[in-house]
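# Report on the structure
One-letter residues, chain by chain:
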Amino acid sequence: MATAMKDADKELGYTLEVISVHGGGSTHQNDVSISLVNHHGIGNYPTGLVDGRTYVQNMEIPVTTRNIVDAARDTESTYGTLTGASWTSSLSGNQVILNLSAYIKKAGSYKVTAYLVEDKIIGYQADYTYGASDRYEHNGVLKASFTDVLGNAFTVSEDNMIKDFTYSASVPSGCVKENLRIVVFVEKADGSEYYVDNSATEKVGVQKHLAVKSGNWIGGNEGIIPGDDITL
């Protein structure tokens, strides 16, 4: 799954943001990840969820890669990009403060979710292709949530609105603060369900600017380096 995610990201032009949610007795699981695993009813590891819409099972690498790419492109072909995000963050002691702005093109119902993830965690990883390793580098491991773990719902009554939010999260013990990143994604309601419209990421303490792409652009996987595309 991890290799397929990397291959899919390359094929999609490096616009796929991956959050690693550990469960099933992993040493990297926590209350936030367990809540997500339970909510989505995950029983087999690894299982992928693309744009909050499509579950992808772990198969041979080329098959899994194609399923991820197809799922991402299905979001892009079904919905236009309606949102973007920018923020500043700061670390004070053990608290990360997040000042977030969500940019909304169309009136409607949305959710914003902000996670704290950690990169460069060296540890065990099972691998049925190349063999298990105790020196595997885990990246994007979910550590904490600024918002409700399933996102905070909000509505906008007019087009072209900016919604501002302030959140905080505690850094769990054992985290290397220099390796912490913030991942934000904005979801749009489609009936009673939500899909991920756009996402962005940046290291803690580094300002994240809204990236703007002019012209027509459809997508739901922009907003991460080097993509960072949003039409407003």
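Quick note: structure is the one above.
Note that the structure is a prediction, hence the values are computed from the model and not measured. (Residues numbered from 1 in each chain as written. Predicted model: local features only at pLDDT ≥ 70, side-chain atom pairs only at ≥ 80, totals over all residues. Heavy atoms only, no water.)

## What about the side chain of S86?
Tracing the backbone shows S86 in strand β3 (residues 83-92). Within polar-contact distance, the side chain of S86 engages the side chain of Y103 at 3.1 Å. Discounting residues that sit within four places of it in the chain, S86 has contacts with N99, L100, S101, Y103, K208, H209 and L210. (Helix = DSSP H or I, 4+ residues; strand = E, 2+ residues; numbered from the N terminus. Polar contact = N/O pair within 3.5 Å; in protein donor to acceptor, adjacent residues only side chain to side chain. Contact = heavy atoms within 4.5 Å.)

## Looking at the side chain of N30
Summarising the element assignment, N30 is placed in the loop between α1 (2-11) and α2 (31-40). A distance of 2.9 Å separates a polar side-chain atom of N30 from the backbone oxygen of L142. Dropping the residues within four chain positions of it, N30 is found in contact with L142 and K143.

## Let's talk about the pairing of strand β5 (residues 108-118)
For β5, a buried count of nine out of 11 residues is recorded, marking the element as mostly surrounded by other parts of the structure. Relative to strand β9 (residues 152-156), β5 is paired through five bridges, and the arrangement is antiparallel. Bridging from a neighbouring strand, V112 pairs with N152 of β9. As judged from the nine bridges shared by β5 and strand β11 (residues 180-190), these two strands associate in the antiparallel manner. Bridging from a neighbouring strand, T113 pairs with F185 of β11. (Buried < 20%, exposed > 50% of the residue type's maximum accessible area, 1.4 Å probe, protein only. Pairing = 2+ DSSP bridges.)

## A closer look at the sheet that holds β3
If you trace the three strands from one edge of the open sheet to the other, you get β3-β4-β10, paired in antiparallel fashion. The open sheet is flanked by β3 and β10 (161-170), the only strands paired with a single partner. Ignoring which end each strand starts from, the neighbouring axes of this sheet average 15° apart. Summarising the sheet, β3 and strand β4 (residues 95-104) pair through 10 bridges and their orientation is antiparallel. Residue pairing in the sheet places A85 in a bridge with A102 of β4. (Axes fitted to C-alpha atoms, helices over the stretch in contact; angles between N-to-C directions.)

## Re the packing of α1 against helix α3 (residues 61-78)
Contact geometry of α1 with α3 gives a least axis separation of 8 Å together with a crossing angle of 45°. By the angle class used here, α1 and α3 are oblique. In this structure, the crossing between α1 and α3 has a hand that is right-handed. Packed against α1, whose contacting residues are T3, A4, M5, D7, A8 and E11, the element α3 presents I61, T64, T65, R66, I68, V69 and R73 at the interface. (Parallel < 35°, antiparallel > 145°, perpendicular 65-115°, else oblique. Left-handed = near helix turned anticlockwise from the far one by under 90°.)

## A look at the environment of T88
Looking at the secondary structure, you find T88 in strand β3. Once residues lying within four places of it in the same chain are set aside, the contact partners of T88 are I97, L98, N99 and Q207.

## With respect to the environment of V56
On the secondary structure map, V56 appears in strand β2 (residues 54-57). Remark: the alpha-carbon pair of V56 and N67, spanning 11 residues in sequence, is separated by 6.6 Å. In this view, V56 contacts M1, T47, G48, V50, T64, N67 and I68; residues no more than four positions away in its chain are not counted.

## So, the nonpolar core
In terms of nonpolar packing, the biggest core is built from 29 residues, with L100, F146 and I182 touching the most fellow members. Among the secondary structure elements, those contributing two or more residues to this core are β3, β4, β5, β9, β10, β11 and β12 (193-203). Broken down by element, this core gets its largest block of residues, five residues, from β4. For I182, the contacting residues outside a window of four places in its chain are W87, S89, V96, L98, Y115, L116, F146, A200, T201, E202 and V204. Of all hydrophobic cores here, the second largest spans 12 residues; its members include M5, L12, I68 and V69. (Core = buried A, V, L, I, M, F, W, Y, C linked by side-chain atoms within 4.5 Å.)

## Considerations on the pattern of salt bridges
What the rule picks out here adds up to seven salt bridges. With a shortest N-O distance of 2.7 Å, R181 and D119 are connected by a salt bridge. Of the two residues, R181 sits in strand β11 while D119 sits in the loop between β5 and β6 (121-125), which places them 62 residues apart along the sequence. Among the charged side chains, a salt-bridge network with shared partners connects E11, R66, D70 and R73. (Salt bridge = Lys/Arg side-chain N within 4 Å of Asp/Glu carboxyl O.)

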